[in-house]
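# Observations on the three-dimensional arrangement
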Amino acid sequence: AQSVTQLDSQVPVFEEAPVELRCNYSSSVSVYLFWYVQYPNQGLQLLLKYLSGSTLVKGINGFEAEFNKSQTSFHLRKPSVHISDTAEYFCAVSAGNKLTFGGGTRVLVKP
Amino acid sequence: DAGVIQSPRHEVTEMGQEVTLRCKPISGHDYLFWYRQTMMRGLELLIYFNNNVPIDDSGMPEDRFSAKMPNASFSTLKIQPSEPRDSAVYFCASSLKGYEVNEQFFGPGTRLTVL
C-alpha cells in the first residue's frame, strides 16, 4: 500500500514571491507521482506528473516539481505566484490503477 | 470534448431520502472513478470501474452506497437511505487505458447536503 503526506495544510504567500509545497510518499513498489490543483468550487486539474525519466518535471502555469527517490519526495515549486494561484493543491501517488491523494495544501496568495 | 460531466451540481435532500448522482465520462476512457471529498477525511476513492465492470469497491462506506455503470458513457452513485454524514462533494473521474491510466480527469463535482 502507498501513502502520501503533505506537510503543510496551509501556505500563505505574497504575490510574486516563490512558493514550495512539500510532498512525501511511501510505497513498496515503483510509483507514478502527480500534482493536482483544485480551484474554488471546481474539480481537480492535473498540474504535472512524473512517470519516468528526468526527475525535474515542468507543468502548467509555471509550476515544476522534483522527484527525489532517496528522500521519497515530490515537492512542487513556483518561482513567482499570482493571485490566480490561490487554490488547493494535492499530491498523489499511484501503483496500479488507483491514486492515493495527500490531504491537500491550501495556498492563499496575498496582494 | 466536454470533459467529465456530473449532475446535479448541487443536491439538498432530507435524511432518509434516496439520492442518485450521475456521471458521464470522457468518450473513449476505460476507467471511471467515484470519489468523496470532506473536510474531515479529504479525498477518498469510493469505487472504480474498468470497461463498465466494478473492480474495487473497498472504499464504499457501507451498504447504503451503491454504484453502477450500465454502459461506457454513464455511471450512477446511489445513496439509500441518505444520512447527514453523507454530506460531501462527490467527484467522478475518468482515465484512459495504458501507461497514462492514472492521469485522471475530474468532473466539477456534486455538492450533496443531507439535512
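Cut-offs applied
- Residues numbered from 1 in each chain as written.
- Chains lettered and ligands numbered in written order.
- Predicted model: local features only at pLDDT ≥ 70, side-chain atom pairs only at ≥ 80, totals over all residues.
- Heavy atoms only, no water.
- Helix = DSSP H or I, 4+ residues; strand = E, 2+ residues; numbered from the N terminus.
- Buried < 20%, exposed > 50% of the residue type's maximum accessible area, 1.4 Å probe, protein only.
- Contact = heavy atoms within 4.5 Å.
- Areas by Shrake-Rupley, 256 points an atom, 1.4 Å probe, with all protein chains shown as cover.
- Lys, Arg positive; Asp, Glu negative; His and termini not counted.
- Charge placed at Lys NZ, Arg CZ, Asp CG, Glu CD.
- Phe/Tyr/Trp six-rings, centres within 6.5 Å; stacked < 30°, edge-to-face > 60°.
- Core = buried A, V, L, I, M, F, W, Y, C linked by side-chain atoms within 4.5 Å.
- Pairing = 2+ DSSP bridges.
- Axes fitted to C-alpha atoms, helices over the stretch in contact; angles between N-to-C directions.
- Buried area = accessible area lost by both parts, 1.4 Å probe.
- Salt bridge = Lys/Arg side-chain N within 4 Å of Asp/Glu carboxyl O.

Counting its regular elements, chain A contains zero helices and 12 strands. Each helix (α) and strand (β) of chain A, taken in turn from the N terminus, gives the series β-β-β-β-β-β-β-β-β-β-β-β. A burial count over chain A gives 46% of its 111 residues as buried. Nonlocal contacts in chain A, meaning residues at least 24 apart in sequence, comprise 55% of its contacts between residues at least 6 apart. Surface exposure of chain A reaches about 5400 Å², of which carbon and sulfur atoms provide 51%. Averaging the locations of the 9 positively and 8 negatively charged side chains of chain A gives two centres separated by 8 Å.

This model, assessed by the stated rule, comprises 15 aromatic pairs over all chains. Centre to centre, the rings of phenylalanine 33 of chain B and tyrosine 35 of chain B are 6.4 Å apart; their planes meet at 25 degrees, and the pair counts as stacked. Within the aromatic cluster, the residues linked to one another by ring pairs are Phe34, Tyr36, Phe90 and Phe101 of chain A together with Tyr31, Phe33, Tyr35, Tyr48, Phe91 and Phe106 of chain B.

A few words now on the nonpolar core. Soluble, globular proteins show a tendency: their nonpolar side chains are buried together. Judged by nonpolar contacts, the single largest core of 28 residues is most densely connected at Trp35, Leu48, Phe74, Leu76 and Tyr89 of chain A. For this core, the element with the highest residue contribution is strand 10 (residues 87-94) of chain A, accounting for four residues. Core analysis: the second largest hydrophobic core is formed by 21 residues, Val4, Ile47, Met69 and Leu77 of chain B among them.

Let us look at the sheet that holds strand 3 (residues 19-24) of chain B. Residues and elements named next belong to chain B. Pairing is antiparallel across the open sheet formed by four strands, whose spatial order is 1-3-8-7. The strands lining the two open edges of the sheet, one partner per strand, are strand 1 (5-7) and strand 7 (65-71). Taken pair by pair, the neighbouring strands of this sheet meet at an average axis angle of 15 degrees, ignoring direction. Here strand 1 runs beside strand 3; their pairing, made up of three bridges, is antiparallel.

Before going further, it helps to examine the pairing of strand 8 (residues 74-79) of chain B. Each regular strand displays side chains that alternate between the two surfaces of the sheet. Residues and elements named next belong to chain B. Bridge analysis of strand 3 against strand 8 gives five bridges, and the strand direction is antiparallel. Paired with leucine 21 across the bridge in strand 8 is leucine 77. Bridging between strand 7 and strand 8 involves five bridges; their strand directions are antiparallel. Within strand 8, the residue paired with lysine 68 across the bridge is threonine 76. The turn linking strand 7 back onto strand 8 is made up of two residues.

A word on the interface of chain A and chain B. Between chain A and chain B, the residue contacts involve 19 residues of the former and 22 residues of the latter. Note on chain A versus chain B: buried area summed over both sides is about 1600 Å², and carbon and sulfur give 52% of it. Our count for the contact surface shared by chain A and chain B stands at one salt bridge. The partner of lysine 49 of chain A in a salt bridge is glutamate 103 of chain B, with the nearest N and O atoms 2.5 Å apart. Looking at the side of chain A that touches chain B, the elements that each hand over two or more residues are strand 5 (32-38), strand 6 (44-50), strand 10 and strand 11 (99-101) of chain A.

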